[in-house]
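Breakdown of the fold
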Amino acid sequence: MCNALCFALFALSVNFVKSWDIAVTSGDQLEFYTGSNKTGSESGRLRDLTALAYDAVHNMLLFVDKQNDNASIFSYNLATKKYQPLVRKGPTENIQGLAFDPVQSLLFWTDFQKRSIYWIDLKPGSKNSDYGNLLINLGDQLPRAIAVDSCRGYIYWTNTNVAYGASIERARFDGSERKTIISTNIHLPTSIFVDQQTQRLYWADDKEGIHYSIESSDLDGTPESRRTLHSGTEHQPNALTVSNDSLYWVDWGFRKVWKLPKNARQNAEPEDLIDFKTTPFGIVANYLISDQAAKVPECSNLLRLSQNTSAIDHSFAVPHDAGLFCLHGRKVEGQDACTCSPGYIGDRCETSVCQNFCFQGECTFDANIGEPTCRCPKGFTGARCEVDMCEGFCLNNGLCSVETNSPVCTCIGDHTGHRCEKTVETPHVTVNEPCNCTKDKTTKLSALSEVSDEFVTVPCNEGWDSVRDPILMVLGILCGLLCLVCAVLVTKILHLKKRPRIKKRIIVNKNVTPLTARPDQCEITIENCCNMNICETPCFEPRSTIRPTLLDTKPGKEEKRNLIANMEHPDDF
């Protein structure tokens, strides 16, 4: 009967193992995919899942829930679908990577905050610290991803301290034989994986700027064995895993999972496999130990485990009380339940009744009434100190302060009153005598107020304005200079020599016998005009007598020039 039940569970588990290719942590979900199709998910009471590891021997996932109140690392049995807390949640921690060795049942993880590597032994009956056992304190290093070589007994981790130089290191399971295997041509190694099938390391390097690369080397990290499988831009790789024939990595930049064949040619483009609405974090590939460890002499111990899969329910047992169950209270014997101390509530007594109860002030739990009470600071009142006594009390921008549990206003400007609600009327001042200002700027003038019979003082304005008066002086000087220039120009114009005017004179000699007698007209003789009768032949100068250089000018202008010349220098006949 027992053997039949065990065989049924084994068959069920094998069938589930073959039903997914990769598992991813995203938000509060464990998601399973075959190719790009989602085949299932698990959430339970999970909140914010990050790092993820896979144990193919015991068909188990191990993951980190960084928002859980009780524990930080959990296991999930894929056959029974049961969760188990493994490591108690510490006050300050930042777990970035997980790795599990099924041969010795050792769980390793990196703590970025504490800059250390921790471990626990998950064999039945093992005794561990609730918070894990310190393996290596890395000092200035910033550990991120971690992987195990179960065949040779090594752990590998990435150091992402760019300031001191990033690197990939390894050590034995007990922390001995620590060695840096890769420290050149590496910037920010975000993930690492040991592939037993090819006996190689695979890692993702988030380069400077927008560049990244997927690289590989042998397990000793020798420079001759290094190879770049893919390089590109824009991706922000976080976690990487390897199956029998492909590589997968999580991309924070695009919220995607990418796939690349192991034997892809250099710079081959990866396949866009899965899109996520929330940012994915960890990823593992489904594989069989027999596929990974076959024909590898160092993996004989691991290979024997894979052949004993029928005892899956008995070969591995997580300590029942490994996790943190009751933060503030006592665990109920024989149950996963807690009896909380006064002032705490929740399944694991993780929540204080004072949490977010008082808006202001200090919260205390009153055991007599069984309720929290608030002690309000000065200026606040109410059962939860939610009332601000000064809010909206002073009007007209008055300044409020609390004295003897009552608000008091300090008014500004021309306002007064208990709440600065009144406006002070500004007195109108009438000056009774002229202002006699001196060079002393503090001179005041006494004047009589129209509102009251008292004299008030008003400031005496100076007679000289340092801005206005110099401008007026400059403008006056410019106007005077312009007037002087105009007078000089008018005088010059009046003294200019006038141009000569051309006058045509006609001389009539009455004593000369006319050449032609006309009874109805006066007979005249024009001197200097060819001695001809005006009625017979007009006097003109032939065009041939004009200077050659003036042939193209207008005749009227040339005749005018000749006439002026004759008047000034008459010819002698």
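Above this text sits the structure in question.
A few points on the structure.

**Concerning the state of the cysteines**
Taken as a whole and assessed by the stated rule, the structure comprises eight disulfides. Each sulfur of the disulfide joining Cys340 and Cys349 lies 2.2 Å from the other. Since a negative S-S torsion denotes a left-handed disulfide, the Cys340-Cys349 link at about -90 degrees is left-handed. No disulfide involves Cys486; its nearest neighbouring cysteine sulfur is the one of Cys483, lying 6.4 Å away.

**Structural notes on the sheet that holds strand S15 (residues 179-182)**
Here we have four strands laid out as an open sheet, ordered S12-S13-S14-S15, and antiparallel in their pairing. Where the open sheet ends on each side, the last strands, each with one partner, are strand S12 (143-149) and S15. The average angle at which neighbouring strand axes cross in this sheet is 30 degrees, direction not considered.

**Concerning the sheet that holds strand S7 (residues 82-88)**
Sheet architecture is open: four strands sit in the order S4-S5-S6-S7, paired in antiparallel fashion. Since the sheet does not close on itself, it has two edges, and those belong to strand S4 (49-55) and S7, each with one partner. Neighbour-to-neighbour, the strand axes of this sheet turn through a mean angle of 25 degrees, independent of strand direction. Strand direction decides the pairing type here: strand S6 (residues 71-77) and S7, joined by six bridges, are antiparallel. Bridging from a neighbouring strand, Ala71 pairs with Arg88 of S7.

**As for a nonpolar patch on the surface**
A cluster of nonpolar side chains, Val467, Ile471, Leu472, Val474, Leu475, Ile477, Leu478 and Leu481, forms an exposed patch at the surface whose accessible area comes to about 760 Å². Position of Leu472 among the secondary structure elements: in helix H5 (residues 468-494).

**Section: the nonpolar core**
In terms of nonpolar packing, the biggest core is built from 24 residues, with Tyr54, Leu61 and Phe63 touching the most fellow members. The set of elements that each furnish at least two residues to this core consists of strand S2 (29-34), S4, strand S5 (60-65), S6 and helix H2 (289-293). Once you skip the residues sitting within four places of it in the chain, Phe63 turns out to touch Leu30, Leu46, Leu49, Ala51, Leu52, Ser72, Ile73, Phe74, Ser75, Tyr76, Tyr83 and Leu98. Core analysis: the next-biggest nonpolar cluster, separate from the first, contains 16 residues, Val64, Ile73, Ile95 and Leu98 among them.

**Considering the packing of aromatic side chains**
One pass over the structure, following the stated rule, counts twelve aromatic pairs. Relative to Tyr287, the ring of Tyr54 has its centre 5.6 Å away and its plane inclined at 85 degrees; by these criteria the two rings are edge-to-face. Of the two residues, Tyr54 is situated in strand S4 and Tyr287 in the loop between strand S24 (280-285) and H2; the sequence distance between them amounts to 233 residues. Residue classification places Tyr287 among the buried positions, given a relative accessible area of 15%. Judged by centre distance (6.4 Å) and plane angle (50 degrees), the rings of Tyr212 and Trp249 are tilted. You can see Tyr212 sitting in strand S18 (residues 211-218) and its partner Trp249 sitting in strand S21 (residues 246-251), a full 37 residues away along the chain. Cation over ring: Arg172 sits above Tyr154, and NZ or CZ is 4.0 Å from the ring centre. Its guanidinium or amino end placed over the ring of Phe357, Arg384 lies 4.9 Å from that ring's centre, counting from NZ or CZ.

Cut-offs and rules
Residues numbered from 1 in each chain as written. Predicted model: local features only at pLDDT ≥ 70, side-chain atom pairs only at ≥ 80, totals over all residues. Heavy atoms only, no water. Disulfide = S-S within 2.5 Å. Pairing = 2+ DSSP bridges. Helix = DSSP H or I, 4+ residues; strand = E, 2+ residues; numbered from the N terminus. Axes fitted to C-alpha atoms, helices over the stretch in contact; angles between N-to-C directions. Patch = residues over 30% accessible without salt bridge, like charges linked within 9 Å, V, L, I, M, F, W, Y side chains within 5 Å. Areas by Shrake-Rupley, 256 points an atom, 1.4 Å probe, with all protein chains shown as cover. Salt bridge = Lys/Arg side-chain N within 4 Å of Asp/Glu carboxyl O. Core = buried A, V, L, I, M, F, W, Y, C linked by side-chain atoms within 4.5 Å. Buried < 20%, exposed > 50% of the residue type's maximum accessible area, 1.4 Å probe, protein only. Contact = heavy atoms within 4.5 Å. Phe/Tyr/Trp six-rings, centres within 6.5 Å; stacked < 30°, edge-to-face > 60°. Lys NZ or Arg CZ within 6 Å of the ring centre and 35° of its normal.

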